[in-house]
Each structure stands twice: as C-alpha cells, then as structure tokens.
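Per-entry structural report
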Amino acid sequence: MTSATKITIHVPGPLRDCCAGAAVLALSATTVRAVLEELERRHPALHRSICDETGTVRRHINLFVNTHHMRDRNGLDTPLAPGDEVTILPAVSGG
Amino acid sequence: MANRVLLSIGTKKGLFVAESPKTRRRFALRGPFGPGVAVYSALIDPRGTPRVYGSSCNAFFGMKVLCSTDLGKTFKETKSAPAFPKDDGRALANIWSLEPGDDRKDLLCGVEPAALFKSSDGGDSWELVPGISNHEHARKWQPGNGGLCMHTILRDGNRVHLGISTGGHYLSEDRGKTFVAANKGVGAGFTPDPYPEFGQCVHKIAGHKDAPGRLYMQNHGGWAEWDGPGGRRPDIGVLRSDDHGKTWRSIAKGLPSDFGFPIVVHPHDADTVYVVPLAPETRTCPGGTPAVWRSENGGGSWQKLARGLPKKESYFTVLRDALDIDELSSPALYFGTTTGQLWIGRDGGEKWECLFDALPPINCVKVAVV
C-alpha cells in the first residue's frame, strides 16, 4: 500500500448535500481513519455528520470496508487496499 | 406591520409552522420540516426580516440548526451547528434553547451537555461561551431525566440568566462573561442537602421586560412526601425572585401539584403567571384532568383554567418549552402535548380549543406576532 491508494467512498442519500451532491467520492488513504481525516479536510460538513467533535464515529453510523463492518476488523485502523470501497450507512433504527 | 400570528411547533418528527391572521380564528399548518427528526427548541426572531429557527436533533448525523427567512415556508440548514472544541472532550447531544442576542444577527444557544454557544452571523458559525461552559461547576452538573440541558436563556441588560437541569440557575451581571450560581431558596429533592449551592433540577425560568428584577421558576417539585435525610420539601416546585434571581421563595401554595415543566408570564402584566401542574409520579395531568393554572397576583393565589379542556382520561405531559403566550392585546396561550395535541387558550386561557389533535409528540411551541 502507498499513500496513493485509491479508495471509493459511497455516500448515503441524506448526506450528499454535504459534498455537492456526490454519491461517490474517490480519495487516497491507507486506513479508515485516514479516510475520515481526508473527508474532514475536503468535506467538513460531511465529516461532522459522520463523527462528533471528539472524532468518534456517531453511534448510529456504520462504516463498512467492502462488505465488512469496520468494527469486525480493526476499527478506524482497518487497513485499506487499492480498489477498496468504504460505505457510509445509517444504522437501522425505529421509533 | 405585524399582521399575523406564527407558531413554530417542535415535535418528535420534525418542525411544523402554523400561521393565522391576528384574529387567530383558524391556523394553517405547514411542515414537517427536517422531517422525521426531533426538534427540541425553536425561535421566532422578529428582528429585521423575521427568521424562524429550529434545532434538528438527528440521531444519525448529529445536530443541525434549521433557519427560515420566509416565515416558515421553507427551511435551510445553517452552515454549521454548535460544536465543542476538538480537545474539549464533550460532544454535542442536543440543542435545548435558542434566543436572540445583543446585535441583530446574534444568537445564543443552550445545549446538552449543558453549555452556551453564541453566533454573530445568524447561526452560520458558533463559538463556545466559556464563562458558563467552562465554569468550575460545569463538570459536576448531572443529567436529569431529559439529559444535562441548558434550557433557559434570559437576557436583561447586562444580566444573563441561565437555567440548567440539573445545574440550577446561573446569573451573569457582565453580559455573559462570568456567571455565579444563584440558587438561594431553590430546593432539590434528590440530594441530602435540601438547598445546595447548585445542582438543582430547574425546569424553566420566565421573566418580564417591565419587571426586570422579577423572575418566576418552575423547579422540580413533588417532594412533599420525601422522608429521607434533610426532611420533607413541600412547595419547592414553583418559585419567585424579586432580586434578579439572587434569592427565591415559594409561590406554590394553592396549586394542585408543585411539579410541572413550563412557566410563562403574561406579556402585559408581570403579576400574571401561568403553570401546568402535573402529577409528580407520572408527570401527567393530575387525575387525568388537564388544566393550566394562573396567578394574577404574582403567585399569591391561583385559579384553574380548564374550560374547553378534557374533563377526564387525559394523561399527557406538557414539556418545558411547550407553553407560550402571544403578545396581542388579549393574548392567547398555546400548549402542545406529548400526545400531539396543540391547544389555544383564548382570552388569556379562559377558553381552550384544540387547534391540531394528531401531530407527533410535541416538544416545544413558540409564538410571535410578525
């Protein structure tokens, strides 16, 4: 892996206004944490919707690396390989 | 010229706006805005071009502030919501109060965990107000059932009054730079010390522009039967101050319960004050019979206002910001219920009528003549 690793980010519908309507973003990152740091630089409103002020991923947001939830791998330190896809999804909840 | 009455109604499922001519005969409903997302605070800011604000407590994506510049026909998110500094360690959980600040675009915002933010650009950017947010007591405040919330912001010249649950009443006399706990006479039923320096579960504070030293407080009452350390604490729920909140005394005698959430003052008479007593065990209408209670002598005595309200089998709650009163010559009261009804009390609450009976559970109601 290099810092030039290309990752695809899938943005859910309710958050696309935070990144000029984009459903998909492409960026270079080697971990999930680096993805979030890059999103904070490029799209701060999107980052605020994913993480709170302490940098913690919001309770009802799930981040998947390909088909695996990041918590089932190494959390924010989950490594990324070229071509990986990170999907941002709101959790299922009701009421 | 102000010629219409506007209501902003924060619910569990978004913000609604209701509009009527000044006759208040019929209200047209718009919304929900920020659909599906709970709104706990709203503000109709009449300065300049009127703006309607609502907080939008999105469980997924965090807090947003909604703003309308067309009297609640459309809303947009402001550019940002309040947020604690990165190294602070606290994270914003909710917005509980929005109030106008000094200058035309200044806003004040009370949040959970209890802290105060200020905006100078109509809500697009926010800064923490350190005098209270980093007060030496701040990390000792405890959350009440609704969370650790700063729900009341009252401004009076150089003075700023804040209500925090559970933190108590804090007073600034230097325009919000520094604050002191000002709770002498404000009881607490959940601590061995019945009158602590701070930490009371204040539910709401109200004042009147023509009587700046006078304040009314709905505190967490319902402790008359307590028999633990410190003894019984009857009548600590409804209080009055005549010295800018430095000392408080009970005015609860004559009410069916000293427990409740909202308290409002008549816009043209500082002696007339309204509360909604609730049964402390259930926090619903005592005996299933809802009523607003009014005092016309500053809390010396109370009258029940229930004409038109259900006479039985009504077990709703009226939350701390869900009662308001308009400023017309014969003001009407408005309250929203946790069962989704919005009531209007014409002639100062003499005659009640249900305006909307099936909204989502209502958290807050604000009214303005614009």
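Read on for a plain summary of the structure. Given the structure is predicted, the values throughout are model-derived calculations rather than measurements. (Residues numbered from 1 in each chain as written. Chains lettered and ligands numbered in written order. Predicted model: local features only at pLDDT ≥ 70, side-chain atom pairs only at ≥ 80, totals over all residues. Heavy atoms only, no water.)

Quick word on the overall build of chain B
Within chain B, the secondary structure is distributed over two helices and 28 strands. In terms of overall size, chain B behaves like a compact globule, its C-alpha atoms giving a radius of gyration of 19 Å where 370 residues would be expected to give roughly 21 Å. If you line up chain B on its principal axes, its C-alpha atoms span 55 × 55 × 40 Å. Split into buried and exposed, the 370 residues of chain B put 60% on the buried side. Considering only intrachain contacts with a sequence separation of at least 6, the fraction spanning at least 24 residues in chain B is 50%. Counting 45 positive and 40 negative side-chain charges, chain B places the averaged centre of each group 4 Å from the other. (Helix = DSSP H or I, 4+ residues; strand = E, 2+ residues; numbered from the N terminus. Rg over C-alpha atoms; globule rule 2.2 N^0.38 Å. Buried < 20%, exposed > 50% of the residue type's maximum accessible area, 1.4 Å probe, protein only. Contact = heavy atoms within 4.5 Å. Lys, Arg positive; Asp, Glu negative; His and termini not counted. Charge placed at Lys NZ, Arg CZ, Asp CG, Glu CD.)

Some remarks on the sheet that holds strand 9 (residues 107-112) of chain B
Residue and element names in this part refer to chain B. The strand order across the open sheet built from four strands is 8-9-10-11, with neighbouring strands paired in antiparallel fashion. Whereas interior strands pair on both sides, the edge strands pair on one side only; in this sheet they are strand 8 (94-100) and strand 11 (127-128). Where strand 8 meets strand 9, six bridges bridge the pair, whose relative direction is antiparallel. Along strand 9, the bridge assignment pairs Pro100 with Leu107. (Pairing = 2+ DSSP bridges.)

Some words on the sheet that holds strand 7 (residues 76-77) of chain B
Either a parallel or an antiparallel arrangement is found when strands of a sheet pair, and the pairing is made through backbone hydrogen bonds. Residue and element names in this part refer to chain B. The four strands are arranged 4-5-6-7 in an open sheet whose pairing can be described as antiparallel. What marks the edges here is a single partner per strand, and that holds for strand 4 (42-45) and strand 7. Relative to strand 5 (residues 51-58), strand 4 runs antiparallel, the two sharing four bridges. Each bridged residue has a counterpart across the sheet, and for Ala42 the counterpart in strand 5 is Gly54.

Some thoughts on the interface of chain A and chain B
Each side of the interface is counted separately: chain A has 15 residues, and chain B has 16 residues. Taking both sides of the interface into account, the surface hidden between chain A and chain B amounts to around 1300 Å²; carbon and sulfur atoms contribute 55%. Counting every contact that joins chain A to chain B gives one salt bridge. With a shortest N-O distance of 2.8 Å, B:Lys86 and A:Glu40 are connected by a salt bridge. Our count for the chain A to chain B interface comes out at six residue pairs in polar contact (both at pLDDT 80 or more). When its residues are assigned to classes, the side of chain A that touches chain B shows five nonpolar, five polar and five charged. (Buried area = accessible area lost by both parts, 1.4 Å probe. Salt bridge = Lys/Arg side-chain N within 4 Å of Asp/Glu carboxyl O. Polar contact = N/O pair within 3.5 Å; in protein donor to acceptor, adjacent residues only side chain to side chain. Nonpolar A, V, L, I, M, F, W, Y, C, P; charged D, E, K, R; others polar.)

Some details on the pattern of salt bridges
Per the counting criterion, the structure on display carries 25 salt bridges over all chains. A salt bridge links A:Arg33 to A:Asp77, with the nearest nitrogen and oxygen atoms 3.1 Å apart. Placement of A:Arg33 in helix 1 (residues 32-42) and of A:Asp77 in the loop between strand 4 (68-69) and strand 5 (85-90) is noted, with a sequence separation of 44 residues between them. Residue A:Arg33 is classed as partly exposed on the basis of its relative accessible area, which comes to 35%. Across the pair B:Arg139 and B:Asp88 runs a salt bridge, and its minimum N-O distance is 3.4 Å. Residue B:Arg139 is located in the loop between helix 1 (130-133) and strand 12 (149-156), and its partner B:Asp88 is located in the loop between strand 7 and strand 8; the two are separated by 51 residues in the primary sequence. Each of B:Arg214, B:Arg240, B:Asp242, B:Arg249 and B:Asp271 takes part in salt bridges that share partners, so that together they form one network.

A short note on helix 1 of chain A
Among all positions of helix 1 of chain A, only A:Val32, A:Ala34, A:Val35, A:Leu36, A:Glu38 and A:Leu39 are buried. Buried residues along helix 1 of chain A sit in contact with strand 1 (6-10), strand 2 (24-28), helix 2 (44-50) and strand 3 (61-65) of chain A.

Focus: the nonpolar core
Residue and element names in this part refer to chain A. Counting residues in each nonpolar core, the largest one holds 27 residues, and the members touching the most others are Leu46, Ile50, Val57 and Leu63. With five residues, the single largest contributor to this core is helix 1. Leaving out residues up to four positions away in the same chain, Ile50 has contacts with Leu15, Leu36, Leu39, Thr56, Val57, Arg58, Ile61, Leu63 and Ile88. (Core = buried A, V, L, I, M, F, W, Y, C linked by side-chain atoms within 4.5 Å.)

Things to note about the pairing of strand 20 (residues 263-266) of chain B
Residues and elements named next belong to chain B. Direction of pairing for strand 20 relative to strand 21 (residues 269-275): antiparallel, over a ladder of four bridges. Looking at the pairing, His266 lines up with Asp269 of strand 21. In textbook terms, the turn of a hairpin is the stretch between consecutive antiparallel strands, and for strand 20 and strand 21 this stretch comprises two residues.

With respect to unusual backbone geometry
The general pattern is negative phi for most residues beyond glycine and trans for most peptide bonds. Residue and element names in this part refer to chain B. In this chain, Glu112 is followed by Pro113 through a cis amide linkage whose omega measures -5 degrees. By the element assignment, Pro113 lies in the loop between strand 9 and strand 10 (115-119). Of note, the amide linkage connecting Ser165 to Thr166 takes the cis form, showing an omega dihedral of -5 degrees. By the element assignment, Thr166 lies in the loop between strand 13 (159-165) and strand 14 (168-172). Within the chain, Asp235 stands out as a residue other than glycine whose phi angle is a positive 65 degrees. For Asp235, the position within the fold is in the loop between strand 17 (215-219) and strand 18 (238-241). With a phi angle near 50 degrees, Asp347 is a residue other than glycine that sits in the positive phi range. Among the secondary structure elements, Asp347 is positioned in helix 2 (residues 346-349).

Quick look at the side chain of B:His137
Residue and element names in this part refer to chain B. By the secondary structure assignment, His137 is in the loop between helix 1 and strand 12. Owing to a relative accessible area of 6%, His137 belongs among the buried residues under this scheme. A distance of 2.8 Å separates the side chain of His137 from the side chain of Tyr170, its partner in a polar contact. The contact partners of His137, leaving out residues within four places of it in the chain, are Tyr170, Ala181, Glu197 and Phe198.

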